[in-house]
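# A structural walkthrough
Now for the letters of each chain:
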Amino acid sequence: MNMSEPTQFRAEGLRGEMLRDEPMSRHVSWRAGGVAQRVYQPADLADLQTFLRQTPMDEPLLAVGLGSNLLVRDGGFRGTVLLLVGALTELRREDDLIYAQAGVAGAKLARFAATNHLCGAEFFVGIPGTLGGMLAMNAGCYGGETWQKVVRVQVLTRTGELLERAPQEYEISYRHAALRQGSRDTVGRSPLVRERLPCTSSRNRLASPVTCRRCSEEFFVGAWLKFEPGDIEVARQQIKALMEKRSASQPLQLPNCGSVFRNPPGSHAAKLIESCGLKGKRIGGAEVSEKHANFIVNTGEATATDIENLIDEVRAAVLRQTGVELHTEVKIVGEYKS
Ligand SMILES: Cc1cc2nc3c(=O)[nH]c(=O)nc-3n(C[C@H](O)[C@H](O)[C@H](O)COP(=O)(O)OP(=O)(O)OC[C@H]3O[C@@H](n4cnc5c(N)ncnc54)[C@H](O)[C@@H]3O)c2cc1C
């Protein structure tokens, strides 16, 4: 892919870091994949807002947290990755709620809640993602799901407008959260919002606001979460037990992206994959884990193409042998390598 520079950034008053032709293998937990044309790591929320206000509407944007559910194809991502881990890191107690910004990691959130004598956040320790990624995926485990804890979220729109939204504005289900069609009502305005900027998308001049995909794009930048008062020692013990359970059942010593496929209704993807004799199946450096059949591990030199081809083969074999169609939980983006 020719990573030329069609987009002009004004870059006025920005305090973050812009990387060009950045290997995304450095930013995803599979440690494989192509380069992103640009990666912008904002200094903080206000800086991200400034960046979005200056970014041309036709620039493809991709929010990335810890990349623990993401594969960027070997041909790379033609656009700008907004790298929010290490950037949006505020975490504080506000009365009976916790406010966390999108770049806060699940483990940090779980420990912060426990230290504040709040329980119900323990399950976050098992999810190696950021709050932004967990909101986008409605991540969960051991009976807990991210959106069960959300009182309201804070989002930045494509044009840099800061909004607060209620959970009712989203369609939320298993590993899925999406803004309801036509939902543009807000439950509040943040002080950082100074003006409603007109949309400068040339496409939007022709399309209605509802049909303009780019203009309706939003990024999670924070959330207020509610947990119950509890015993700090009980919460800490639970965190320890969950971590032990994880390392006993998951191949954590090799780069992976957690569960590759969603569990089909009433079944488990791992059981189906194992029943088809696919454990240990390999393409290039990608291998179906012997320890957990729904994990694909990078044994060292896997390319994104190896991983995606193995995903396709597993899906086809399971369909052929069991009649069940598996759907990926991991997000795959970018261009195929020509
Ligand atoms: C060892 C291991 C175990 C795992 N176990 C679990 C588990 O038990 N349960 C579970 O649910 N998941 C699990 N996962 C998957 C993964 O950790 C979660 O999906 C997590 O929520 C991803 O967060 P992230 O910050 O890494 O998101 P990324 O991988 O960076 O992004 C994932 C998706 O979210 C979008 N996104 C990220 N940030 C934002 C944002 N701020 N605003 C809008 N969209 C955004 C991205 O564009 C992308 O589409 C596991 C992964 C690994 C490697």
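We now turn to the structure provided with this report. (Residues numbered from 1 in each chain as written. Predicted model: local features only at pLDDT ≥ 70, side-chain atom pairs only at ≥ 80, totals over all residues. Heavy atoms only, no water.)

For the structure shown, the criterion picks out 20 salt bridges. The residue E233 makes a salt bridge to R236 at a minimum N-O spacing of 3.8 Å. With E233 and R236 both in helix α5 (residues 232-249), this residue pair falls 3 residues apart, about one helical turn. Within this structure, E90, R92 and E94 form a network of salt bridges that share partners. (Salt bridge = Lys/Arg side-chain N within 4 Å of Asp/Glu carboxyl O. Helix = DSSP H or I, 4+ residues; strand = E, 2+ residues; numbered from the N terminus.)

With that out of the way, let us pick up helix α1 (residues 45-54). Residues lying three or four places apart along an α-helix face the same way, a consequence of the helix completing one turn every 3.6 residues. Judged by how many residues are buried, α1 sits mostly within the fold: 7 of 10 residues are covered. When we look at burial in α1, the residues that qualify are L45, D47, L48, Q49, F51, L52 and Q54. The N-capping residue of α1, defined by a side-chain oxygen 3.3 Å from the backbone nitrogen of A46, is D44. (Buried < 20%, exposed > 50% of the residue type's maximum accessible area, 1.4 Å probe, protein only. Polar contact = N/O pair within 3.5 Å; in protein donor to acceptor, adjacent residues only side chain to side chain.)

As a matter of local geometry, the ligand sits amid 36 residues, with A63, G65, S68, T130 and G140 nearest to it. G67 has a polar backbone atom sitting 3.0 Å from an oxygen atom of the ligand. Note that an oxygen atom of the ligand is positioned 3.1 Å from one of the side-chain N or O atoms of R175. Against a free-state accessible area of 970 Å², the protein chains account for coverage of 92% of the ligand. Among the secondary structure elements, those contributing two or more residues to the shell around the ligand are β3 (61-64), α3 (131-137), β9 (140-141) and β16 (218-226). (Near = heavy atom within 4 Å. Areas by Shrake-Rupley, 256 points an atom, 1.4 Å probe, with all protein chains shown as cover.)

Let us look at the environment of N263. Here N263 lies in the loop between α5 and α6 (269-275). By relative accessible area, N263 is classed as partly exposed at 30%. When the C-alpha atoms of N263 and E329 are compared, they prove to be 8.8 Å apart, with 66 residues separating the residues in sequence. When sequence neighbours within four positions are dropped, the list of residues in contact with N263 reads Y174, H268 and A269. Of note is the side chain of N263, whose polar atom sits 2.9 Å from the backbone nitrogen of A269. (Contact = heavy atoms within 4.5 Å.)

Spatially, the 3 strands line up as an open sheet ordered β18-β19-β20, and their pairing is antiparallel. Looking at the sheet topology across the chains shown, the edges are occupied by β18 (282-283) and β20 (296-298). With 2 bridges connecting them, β18 and strand β19 (residues 286-288) associate as antiparallel partners. Among the inter-strand pairings, I283 is bridged to a residue of β19, identified as A286. Strands in contact with helix α7 (residues 304-322) are β18, β19 and β20; relative to β19, the strand with the most contacts, it is inclined by about 30°. (Pairing = 2+ DSSP bridges. Axes fitted to C-alpha atoms, helices over the stretch in contact; angles between N-to-C directions.)

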